[in-house]
Amino acid sequence: MLRRAGKGIGRLARSMMGDRKANFAVMTALSAPVALALAAVAIDEASIYTERREAQAMVDLAAITAASNINNVNTAVVTTLTDNGMPGVVVQASGQTIAPAAGKTVVTVTQGRYASSTTNVTQRFQAGVTPYNAVRVTLAKIPNRYFASSLIPTPVIGTQATASMTPLATFSVGSRLLSVNGGILNALLSGLLGGNISLSVMDYNGLVSADVSVLSFISALATQLNITAGTYSDVLASKATVGQIATAMANVPGLGNTAKVALQTIASKSTSTAKIPLSSLVDLGSVGSLGLGQQPSGLGVDASAMGMLTAAAVLANGTNQAAIDLGATIPGLLSTKLSIAIGEPMQSSPWLAIDGIGTVVRTAQTRIKLTASVGIGTPGLAGGISLLAVNLPLNVEVAYAEAKLTDITCPTGPSSISVSIAAHPGVAQLNLANSNNPSGFADFSQPQTFTDADIADVSLRLLLINIPLIQVMGSAATAITNNSPQTLTFNATDISNKTVKTVSTRNISQSLTTSLVNNLSLSANLLGLGIDVTALLGTVKPAVVALLNTVTAPVDDLLYNVLSALGVGVGQADVRVTGATCGRAVLVQ
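Residues numbered from 1 in each chain as written. Predicted model: local features only at pLDDT ≥ 70, side-chain atom pairs only at ≥ 80, totals over all residues. Heavy atoms only, no water.

A.B. asks: Explain the nonpolar core residue by residue, including any values.
C.D. replies: Residues L207, L284 and M308 are the most contacted members of the largest nonpolar core, which totals 117 residues. In this structure, L284 is in contact with V214, L215, I218, Y232, L236 and I354, ignoring residues within four places of it in sequence. In terms of nonpolar packing, the next biggest core, distinct from the first, is built from 48 residues, I70, V73, A163 and A353 among them. (Core = buried A, V, L, I, M, F, W, Y, C linked by side-chain atoms within 4.5 Å. Buried < 20%, exposed > 50% of the residue type's maximum accessible area, 1.4 Å probe, protein only. Contact = heavy atoms within 4.5 Å.)

A.B. asks: Which residues make up the pairing of strand β2 (residues 105-114), and what values go with them?
C.D. replies: Examined bridge by bridge, strand β1 (residues 89-91) and β2 share three bridges and lie parallel to one another. When the bridges of β2 are listed, V91 appears paired with V107. Strand direction decides the pairing type here: β2 and strand β4 (residues 134-141), joined by seven bridges, are antiparallel. Bridging from a neighbouring strand, Q111 pairs with V135 of β4. (Pairing = 2+ DSSP bridges. Helix = DSSP H or I, 4+ residues; strand = E, 2+ residues; numbered from the N terminus.)

A.B. asks: Run through the sheet that holds strand β26 (residues 500-504), naming residues and quoting values.
C.D. replies: Taken together, five strands build an open sheet; the order of strands is β10-β14-β6-β28-β26 and the sheet is mixed. Edge strands, defined here as strands with exactly one partner in the open sheet, are β10 (282-283) and β26. With five bridges joining them, β26 and strand β28 (residues 572-581) adopt antiparallel strand pairing. Residue pairing in the sheet places S504 in a bridge with Q572 of β28.

A.B. asks: Break down unusual backbone geometry for me, with residues and values.
C.D. replies: Backbone geometry places N226, a non-glycine residue, at a positive phi of 60°. Exposure remark for N226: the relative accessible area of 66% places this residue in the exposed category. Positive phi values are uncommon outside glycine, yet K498 reaches one of about 55°. Within the element layout of this structure, K498 appears in the loop between α11 (492-497) and β26.

Read these as geometric descriptors, not functional statements.
Dropping the structure here:
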């Protein structure tokens with residue numbers, strides 16, 4: 001019985017195994033749930049991928065918009081995302097933790113500074129560092145799910161974008177020559193450059209009024225240096241003599257003939273072979289990456305021909321002293337000698353810069369020592385006193401002036417551009433005295449100290465007394481302080497007209513030399529001679545002060561021409577913006 005049952009089951013099994021009818025239907029029924037699950041996952045994954053790409057595109061756009069509105073980034077991001085269909089946008093502030101949910105998109109907006117020059121890409125964006133020029137936007141959201149929500153966990157879409165906007169301005173700081181003394185300038189340039197520079201007042205006026213295209217100048221200089229290809233920065237990484245610089249400036253297209261001939265004359269007469277690093281003269285910033293001959297869109301890059309020439313001459317002179325003997329060429333002075341020392345320029349602080357917010361330009365620290373002998377005229381004074389000599393030992397030290405680019409804005413477009421520069425002139429110290437350490441005149445690491453100088457030599461002839469020589473010693477000092485920065489604002493018209501604006505430490509209502517002379521303190525050592533010193537000085541001082549006051553105007557003119565030619569002003573500094581652009585926001589790594 002059991003055997004027959006077993007055989008029946010075997011026959012049935014063999015029959016079923018051999019029967020292939022409806023196999024596809026069975027397999028379909030068995031695999032359909034798996035296939036449907038896989039299809040659901042594939043559809044949802046494809047949807048999430050598409051949604052992530054759309055979210056990335058929106059975050060890119062939001063970052064660019066925020067960078068273009070750096071002072072109102074949160075509103076810019078929320079508006080951009082909402083207008084593009086992103087649901088329930090919420091800005092997560094610093095220190096908050098907001099979880100994304102269905103219908104809620106969480107964004108984090110971080111302002112900072114982007115430095116493309118940083119080698120490490122991950123360190124180029126520095127959060128919170130001012131002045132801001134970049135924005136990083138991070139987005140988190142829950143994607144839409146259609147079929148597979150019960151099969152796989154719901155992911156969070158996370159995207160991020162960083163955009164930077166780098167506004168640029170071309171600006172410089174110095175002191176302009178409003179009036180020209182050709183003899184003084186010739187002596188100064190000859191002292192700085194060697195040779196015998198002899199230009200007329202008309203030549204100097206041509207240089208003062210001329211502007212040169214900085215990029216055209218660098219291209220011309222590349223020819224002088226046999227650099228046939230590359231970028232502007234490649235040229236600025238090299239060195240050149242003042243003669244090469246003057247020749248390149250003369251070859252800039254559009255330069256007036258008077259200035260052109262003057263520059264060619266300086267180039268041919270200069271005997272200085274010192275080569276200056278061109279990066280100390282001009283900083284092109286990001287513009288330097290352009291190829292030679294290329295021009296930045298919407299940005300003027302011009303500079304004063306005279307300013308660039310004298311800045312180059314100062315750099316070429318290095319820390320050496322320039323000695324100038326003007327002889328009797330200054331009205332009222334029998335002899336005049338000048339010693340000039342110029343401090344080492346501060347690193348990363350050129351004379352002219354083309355860069356973004358935070359860029360600083362400075363003048364050089366300068367010392368001048370003037371030793372002059374004053375013509376006496378009528379030597380006889382009351383009481384048997386005669387003036388034999390009157391001297392003017394004048395020392396001037398001017399610290400560097402500084403201009404810092406603090407803001408560039410375009411509220412309603414390029415025509416509304418506004419450039420703000422915080423500038424302050426250098427502190428100035430003037431002494432009518434002798435230095436305690438003449439050998440340290442060019443050592444700017446040590447402050448100068450002063451002592452009484454021989455201001456006047458007199459003789460005294462009385463009934464019983466005849467003193468052929470009495471030295472009258474004296475000194476005076478004054479300082480220009482109150483050196484807090486002042487903000488200068490340049491609008492589109494100022495920039496187009498290359499307007500010069502001036503900051504002053506105070507309103508200087510009188511001649512600086514006059515203020516020194518009027519504060520002069522005199523003394524004489526007549527101990528043991530039985531002579532009333534007070535009476536002697538009471539007679540001598542008015543005469544000496546009156547005599548010195550007759551030469552304060554030409555001395556001031558001398559100091560003004562020398563300092564202004566060096567790009568330095570006593571108690572004031574001139575700032576000029578010759579080009580600016582707000583740029584455009586771009587995505588960065």
